[in-house]
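Descriptive structure summary
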Amino acid sequence: MISDYDYRIRRGLPGLYWLLVVVAVVGFGATSLVGSREAVTFVLVVVLATPVAYIVGKMVSVHDARWFATVGMLGYIAKLTASGLRYWALEALYGGIGDATGYHNDAIRIAPLWESLQIPEIEPGTEFISVATGFIYAIYEPSKLGGFLIFATLAFVGQLLLYAAYRHVFADRSLGWYAALIFFFPNIVYWPSSIGKESLMILFIGIATYGIARLFTGYNLAWVGPIGLGLLGAGIIRSHIALLIAVSLIGALVLGKGPSDARSKGMRMVAIGASLVVLFGAIQLASIDFGIDFSVGINEQLLQEEIDPIFAGVEERTASGGSEVEGSMVTSPADVPDAVLRVVFRPLPYDAHNTQTLVNSIFEGTLLLALVIWRLRPIIRNLRRDWRHPIILYSLLYSGGFILGHSGVLNLGIIARQRAQLVPFILLLFVALGQPAWKRKKSESFEDAPAEPAMASSVP
């Protein structure tokens, strides 16, 4: 019989094979693009790919042993390739003008502070990205392409954690589908692959969601730690996303289907209390970020005087730039269909005004819309039965809140980038709920689905 250790080692070998492919392909391409001055990027790829290959190999389980190591490393190759494409687009198409260049230049000035063991002033939002990039640049010779690859790798770790969260809850349900989508869906692969907020947001969302998935399947309070870490990181960058995750977690714990045994019921109540503490922290981050005083409570006056102007300002700032469309913040049920279409699926081909937008509309919005339409009937049927499953409810609450909060964004370019924070949950709902009736009859209901065996349930 193969021991647990030998099993992991044997199944992890394909990951080492793909590591060599990553080093050869990406390293050669990087040095060819930027010249010998940035040959350090080749070494950087080796340094990044080694731990990723290790993580991929360790994640192999009885449920995906035959294919995951290969798919995981192919996903990493796709991520690094997308990072190279984003770098090329920034330099060749936009003349180096973009947020990533600003973060890069700021980081070069900040890196010496880290090198001298001084901690720069850390501000939430854009300033945090510059400080974090400066910390990275203090470790190795600064290189913009290298920074792109590092941020892409961090985002890919987030993708791995999102897959691990799905697998832990739905160990025997269409793992191949979710792996293919979370590692290769264009929106997730392309946008969070450069120096910027999206890459780190995918990392922190992945950390929080994996912790939440583990909390739901045993109510072990040890997982409140990773959840808090993910929310802290997300909150420093985009406090409203951290607040949304916290609210969705509380909603799923309170409204979701609970355990049947007395001990788990008690632990569930304790988990709700711990999550309320996390929610309070997320509210504090949001109050600092947006300058809103939540201490007076959420009432009509607060909504009218402080929150409504924020949404109005978002509409005004994003209703320009060349990719703007008509629309408005959701204020009534009649506004929901337009908001869902705009936030989740647009741009569609009829929105395209150049080749880049057309390609984006086909491989992101149109592809996602086609997938949803393809499985719409089983999704609706299974949703009526399984909406109280905690991870399903968490994804629904997060998705609904994201759509509501971003319905005031009227620039499709901005939506396309920030949608990467939403797509993993749309894909989870698509895969988990989109199974045809004949396939569902062959297995138990979601509520009774077993979690992963101990040997496969953790990510190193």
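Here's a quick rundown of the structure. Counting from 1, residues in each chain are numbered in the order their sequence is written. It should be noted that, the model being predicted, local features are given only for residues of pLDDT at least 70 and side-chain atom pairs only at 80 or more, the latter also being counted only at that level, while totals for whole chains, interfaces and linings use all residues. As a rule here, side-chain values come from all non-hydrogen atoms in the structure, and water together with hydrogens is ignored.

**Concerning the packing of helix α9 (residues 197-216) against helix α10 (residues 224-237)**
Helix-helix packing: each pair is described by the crossing angle between the helix axes and the interaxial distance. We apply this condition: With axes taken as lines fitted to C-alpha atoms, and helix axes fitted only over the stretch in contact, angles between N-to-C directions fall between 0 and 180 degrees. Helix numbers and strand numbers start at the N terminus; a helix is a DSSP run of H or I with at least 4 residues, a strand a run of E with at least 2. Angles below 35 degrees are treated as roughly parallel, those above 145 as roughly antiparallel, those between 65 and 115 as roughly perpendicular, and all remaining angles as oblique. Definitions for this section: a left-handed crossing has its near helix turned counterclockwise from the far helix by less than a right angle. A right-handed crossing has that turn clockwise. Every residue pair with non-hydrogen atoms within 4.5 Å of one another is taken to be in contact.
At their nearest, the axes of α9 and α10 sit 8 Å apart, and the two run at 155 degrees to each other. Taken together, the axis directions place α9 and α10 in an arrangement best described as roughly antiparallel. Two packed elements cross with a definite hand, and for α9 against α10 that hand is left-handed. On α10, the residues that touch Lys 197, Leu 200, Met 201, Phe 204, Ile 207, Ala 208, Gly 211, Ile 212 and Leu 215 of α9 are Pro 226, Ile 227, Leu 229, Gly 230, Leu 231, Gly 233, Ala 234 and Ile 237.

**As for the packing of aromatic side chains**
Put simply, the rule is: In summary, the pairing rule links any two rings of Phe, Tyr or Trp, Trp by its six-membered ring, whose centres are within 6.5 Å, and it sorts them by plane angle into stacked for under 30 degrees, edge-to-face for over 60 and tilted for everything else. For the exposure calls, accessible area comes from a 1.4 Å probe over protein chains only, and a residue counts as buried if that area is under 20% of its type's maximum, exposed if over 50%, partly exposed in between. Charge over a ring is defined by NZ of Lys or CZ of Arg lying within 6 Å of the ring centre and within 35 degrees of the ring normal.
Taken as a whole and judged by the stated rule, the model has 19 aromatic pairs. Where Phe 216 meets Tyr 394, the ring centres are 6.5 Å apart and the plane angle is 70 degrees; that geometry is what we call edge-to-face. Here Phe 216 is found in helix α9, whereas its partner Tyr 394 is found in helix α17 (residues 390-406), with 178 residues between them in sequence. Here the two residues Phe 216 and Tyr 394 agree in accessibility, since each one is buried. Taken together through their ring pairs, the aromatic side chains of Trp 67, Phe 68, Tyr 76, Phe 156, Tyr 163 and Phe 183 make up a single cluster. Over the ring of Tyr 190 we find Arg 86; its NZ or CZ atom is 5.5 Å from the centre of that ring. The ring of Trp 374 carries the charged tip of Arg 375 above its face, separated from the ring centre by 4.1 Å.

**Thoughts on the pattern of salt bridges**
Worth spelling out the cut-off: In what follows, salt bridge is the name for a side-chain nitrogen of Lys or Arg lying within 4 Å of a carboxyl oxygen of Asp or Glu.
Taken as a whole and assessed by the stated rule, the structure comprises 7 salt bridges. A salt bridge links Asp 351 to Arg 346; the shortest N-O distance between them is 2.7 Å. Arg 346 shares its class with Asp 351; the two are buried.

**Quick look at a nonpolar patch on the surface**
Where we set the bar: What goes into a patch is any residue over 30% in relative accessible area without a salt bridge, connected to like charges within 9 Å or, for nonpolar side chains (Val, Leu, Ile, Met, Phe, Trp, Tyr), within 5 Å. Note on areas: Shrake-Rupley with a 1.4 Å probe; residue coverage comes only from the protein chains shown.
Together, Trp 88, Leu 93, Tyr 94 and Ile 97 give the surface a local cluster of nonpolar side chains, amounting to about 470 Å² of exposed area. Tracing the chain through its elements places Leu 93 in helix α3 (residues 68-93). Given the relative accessible area of 49%, Leu 93 is considered partly exposed.

**Comments concerning the nonpolar core**
Using the following cut-off: Grouping buried Ala, Val, Leu, Ile, Met, Phe, Trp, Tyr and Cys residues that are joined through side-chain atoms within 4.5 Å yields what is termed a nonpolar core.
Within the largest apolar cluster, 111 residues are counted, with the highest numbers of intra-cluster contacts made by Tyr 163, Tyr 178, Phe 183, Ile 245 and Ile 391. When residues of this core are assigned to their parent elements, the largest contribution, 14 residues, is made by helix α6 (residues 144-169).

**Topic: unusual backbone geometry**
Here the amide bond leading from Arg 346 into Pro 347 is cis, since omega sits at 10 degrees, within 30 degrees of zero. Summarising the element assignment, Pro 347 is placed in the loop between α14 (336-345) and α15 (355-374). For Leu 117, which is not a glycine, the phi torsion comes out positive at approximately 65 degrees. Considering the arrangement of structural elements, one finds Leu 117 in the loop between α4 (99-115) and α5 (126-137). At Tyr 219, a residue that is not glycine, the phi angle is positive and equals roughly 55 degrees. Tracing the backbone through its elements, the reader meets Tyr 219 in the loop between α9 and α10.

**Thoughts on the environment of Ser 116**
Stated precisely, the cut-off is as follows: Polar contacts, as used here, are pairs of N or O atoms within 3.5 Å; protein pairs need one atom able to donate a hydrogen and one able to accept it. Residues neighboring in sequence count only if both atoms are side-chain atoms.
Mapped onto the elements, Ser 116 comes out in the loop between α4 and α5. On the basis of relative accessible area, Ser 116 is assigned to the partly exposed category, the value being 39%. For the pair Ser 116 and Ala 138, spaced 22 residues apart in sequence, the C-alpha to C-alpha distance is 9.3 Å. Of the polar contacts made by the side chain of Ser 116, one reaches the backbone oxygen of Leu 113; its length is 2.9 Å.

**Regarding the side chain of Arg 419**
Inclusion rule: The charge count treats Lys and Arg as positive and Asp and Glu as negative. His and the chain ends do not count.
Mapped onto the fold, Arg 419 is located in the loop between α18 (412-418) and α19 (423-433). For Arg 419, which is buried and forms no salt bridge, the nearest opposite charge comes from Glu 364, at a distance of 4.2 Å. Residues contacting Arg 419, with those up to four places away along its chain left out, are Asn 187, Arg 342, Val 343, Val 344, Phe 345, Arg 346, Pro 347, Glu 364 and Phe 402.

**Description of α15**
At 3.6 residues per turn, the α-helix brings residues three or four places apart onto the same side. Applied cut-off: One less than the number of residues in a helix, times 1.5 Å, gives the span that helix is expected to have. To obtain the bend at a residue, axes are fitted to the seven residues ending there and to the seven starting there, and the angle between these axes is taken.
Its 20 residues give α15 an end-to-end C-alpha distance of 27 Å, which sits within 8% of 28 Å, the value for a rise of 1.5 Å per residue. Residue Ser 361 marks the point of greatest curvature in α15, where the axis turns by about 40 degrees. The set of residues buried in α15 consists of Thr 357, Asn 360, Ser 361, Glu 364, Gly 365, Leu 368 and Leu 371. Those residues of α15 that are buried are in contact with α7 (175-184), α8 (186-190), α14, α18 and α19. Where α15 begins, the capping side chain belongs to Asn 354, and its oxygen is found 2.7 Å from the backbone nitrogen of Thr 357.

**Overview of the environment of Val 340**
For Val 340, the location among the structural elements is in helix α14. We classify Val 340 as partly exposed; its relative accessible area is 28%. Each C-alpha atom, one on Val 340 and one on His 406, is 9.8 Å from the other, the two residues being 66 residues apart in sequence. Look past the residues within four positions of Val 340 in its chain and what remains in contact with it is Phe 345 and Ile 403.

Distances and angles like these do not, on their own, reveal function.
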